[in-house]
Amino acid sequence: MEIIIGIIVVASSVTIFGFYSRKKIYKDVDRLEAWKIDMMNRPVTDEIAKVKELNMTGQTEELFERWRKQWDEIVTVGLPDVEELLFDAEDLADKYRFGKAKRVLAQIEAILNDAESNIAIILDELKDLVGSEEKNRVEVDELNQQYRELKKNLLAHRHTFGRAEKQLEMNLEGVYGKFKEFEEATTNGNYFEAREIVLLIKDALSVTKQQMDEIPHLLHECQSAIPNQLNEVSEGYSQMEQEGYSLGHHQIEKEIERMREQLSQYISLIEELKLEDVKKGIEEARESLDTIYDLLEAEVKANQFVKKEVEKIEQDLEDLVEGSKSTEEETTFVQQSYHLNENDLERHRNIVKQIKQLVKQYVSVQSKLEADQIAYSLIKTELEEVYGKIQDVKEEHLQFSEMLKTLRKDELHAREQISEMKKQLADAKRLISKSNIPGLPVKYSELISEARLSLTQVMNSLEEKPLNMNTVNQTLQNALDLVSQTYKQTEEMIEQVYLAERVIQYGNRYRSRNPKIAGSLLEAEKSFRNYEYALALEQAATAIEDLDPGALKKIEVLLEDDPK
């Protein structure tokens, strides 16, 4: 029973599968049938027949025959084959031979795609042909009109084209010949060839029109505008030479002659219609003219600069020379009282040497000016160089002069510092006397002795002749450090003495009850009597802090409330 049920289920599945597969194939057959019918109904024959309106010779006739043959082959061979294959596909589907039916449908699809492609090619080529004929007909009329206008312009204004008129005439004659070639190609049905000729005519007329637009301007530049400017430059050059300008180093005359020769070459190039070379050459000529104008203008400005600045520079140089003489005298005077190191002296010698060189250079410039031997632009450059060097030397000279003045200021400052240090040592001594300190620690006494000795060294160095301020400043700085340190340690020592006394006094309350405290306080008192105040404070404070933490802080607060 189960076997029978299984057979029934399988049979049902096969039936359902076959139904849907056959339905799908029928659907594809209907689609391909509709495609075939649509293809057969297309007006390809009517489109091809339009070609008969053209000249049915040459290329047009060949294309017409090829298109007609290709369409006939589609209609009489390709599409009938499709019809038979469609029947075969349906028959195979009815027999449940679905795999082979699908292969037949794929074959039909390929045939129809190939036919579709051929139809598209035919219609595109046909459109190009008919379109070429239409474009040719419209554009040739426009080109003819353009040709006549150019011909008329050439005849009416031939004088504006110079000798280039002959080459332009020849080019237009060549275009006229192309029109004849176009007519011949059109008569012979070679519309594509005619199209290429139309494009050639269009390019040729465009080039000729551009040349006819540019040539008058280029001739004007080469024959009139630039030559006039060259004459103007030449006259200006001659006039400036007569006025005393030295311009030979610029070689302007040689450049003007070269440009005139080039203009003659450019006119020949215009006759040959090599206009791009001419335009480039004219641009270069304009740049050369601008350069010449700039050079001449620079000479004029340089002349104005020289006339305006030379006296000022001379005055600056004279002031520097006079200032140098004063500094020379001041240096000699300073050397009697102060020691100048070799670097300072060499610095002064170098300043004097530079001033002499500047004077020599300026005299040379003056000689050239008087002899008119050199261009103002070059003299301007030399004067600017002299002026720059003068400013540099002035700055060096000023710094050296300030250094000499600083020596005296440093001496006075050092003497003021000595007075301040003496006062500071006296203040330290007064503090010690006022505080009734039992005695002075050895290190402190040594420090005072060293500070006094350093002060003596400073005073001795100030008495040397000539005075060496480097030595003075070194000994002065050492004395300042020692005196400052002495005063600071004096204050610290007095503070330690006072605080140590109070701490020991505070600790006496524990002396009878705590032998350890008593012993430590005895050690602190011994250190105090030996003038070791810092050690005494440390010993007493340590002992009390062990027994009464924070006691030292309390003592400090009491001292602040009850100042000395």
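Parameters and conventions
Residues numbered from 1 in each chain as written. Predicted model: local features only at pLDDT ≥ 70, side-chain atom pairs only at ≥ 80, totals over all residues. Heavy atoms only, no water. UniProt positions renumbered as here; feature names shortened; annotations may be inferred. Salt bridge = Lys/Arg side-chain N within 4 Å of Asp/Glu carboxyl O. Helix = DSSP H or I, 4+ residues; strand = E, 2+ residues; numbered from the N terminus. Buried < 20%, exposed > 50% of the residue type's maximum accessible area, 1.4 Å probe, protein only. Expected span 1.5 Å × (residues − 1). Contact = heavy atoms within 4.5 Å. Polar contact = N/O pair within 3.5 Å; in protein donor to acceptor, adjacent residues only side chain to side chain. Core = buried A, V, L, I, M, F, W, Y, C linked by side-chain atoms within 4.5 Å.

If you look the protein chain up in an unreviewed UniProt entry, it shows as Septation ring formation regulator EzrA from Fredinandcohnia salidurans. Per UniProt, the protein chain carries the Subcellular location (unreviewed entry) text "Cell membrane". Quoted verbatim from the Sequence similarities (unreviewed entry) heading of the UniProt record, the comment on the protein chain is "Belongs to the EzrA family."

Considerations on the pattern of salt bridges
For the coordinates displayed, the defined rule picks out 13 salt bridges. In this structure, the salt-bridge partner of Glu271 is Arg163, at a minimum N-O distance of 3.9 Å. Of this pair, Glu271 sits in helix H7 (residues 252–271) while Arg163 sits in the loop between helix H4 (98–156) and helix H5 (164–187), placing them 108 residues apart in sequence. On the basis of relative accessibility, which here comes to 25%, the residue Glu271 falls in the partly exposed class. A residue is classified by how much of its surface remains accessible, and Arg163, at 67% relative accessible area, is exposed. For Arg258, the salt bridge is made with Glu255, and the minimal N-O distance between the two is 2.5 Å. In this pair, Arg258 and Glu255 both sit in helix H7, three residues apart, roughly one turn of the helix. The partly exposed category is assigned to Arg258, whose relative accessible area is 33%. One salt-bridge network, held together by shared partners, links Glu214, Glu276 and Lys279.

Some thoughts on helix H13 (residues 515–529)
Spacing of three or four residues puts side chains on the same side of an α-helix, whose turn is 3.6 residues. Between its first and last C-alpha atoms H13 spans 21 Å; for 15 residues at 1.5 Å apiece the expected length is 21 Å, and the two agree. Where H13 is concerned, the buried positions are Ile517, Ala518, Leu521, Ala524, Ser527 and Phe528. Residues of H13 that are buried make contact with helix H12 (469–511) and helix H14 (533–547). The N-terminus of H13 is capped by Asn514, whose side-chain oxygen sits 3.0 Å from the backbone nitrogen of Lys516. Note on H13: the residue one or two positions beyond its end, Tyr531, has a positive phi of about 65°.

Here's the deal with the nonpolar core
Counting 42 residues, the largest nonpolar core has Leu205, Ile215 and Ile270 as its most contacted members. The set of elements that each furnish at least two residues to this core consists of H4, H5, helix H6 (191–242), H7 and helix H8 (275–337). The element that contributes the greatest number of residues to this core is H6, accounting for 15 residues. Apart from the residues lying within four places of it in its own chain, the contact partners of Ile270 are Ala164, Ile215, Leu218, Leu219, Cys222, Leu275 and Val278.

Concerning the side chain of Glu165
Note on placement: Glu165 falls in helix H5. The residues touching Glu165, leaving out its near neighbours within four places in the chain, are Leu154 and Arg158.

Describing the environment of His220
Mapping His220 onto the fold places it in helix H6. Distance in space between the C-alpha atoms of His220 and Phe161 is 9.9 Å, their sequence separation being 59 residues.

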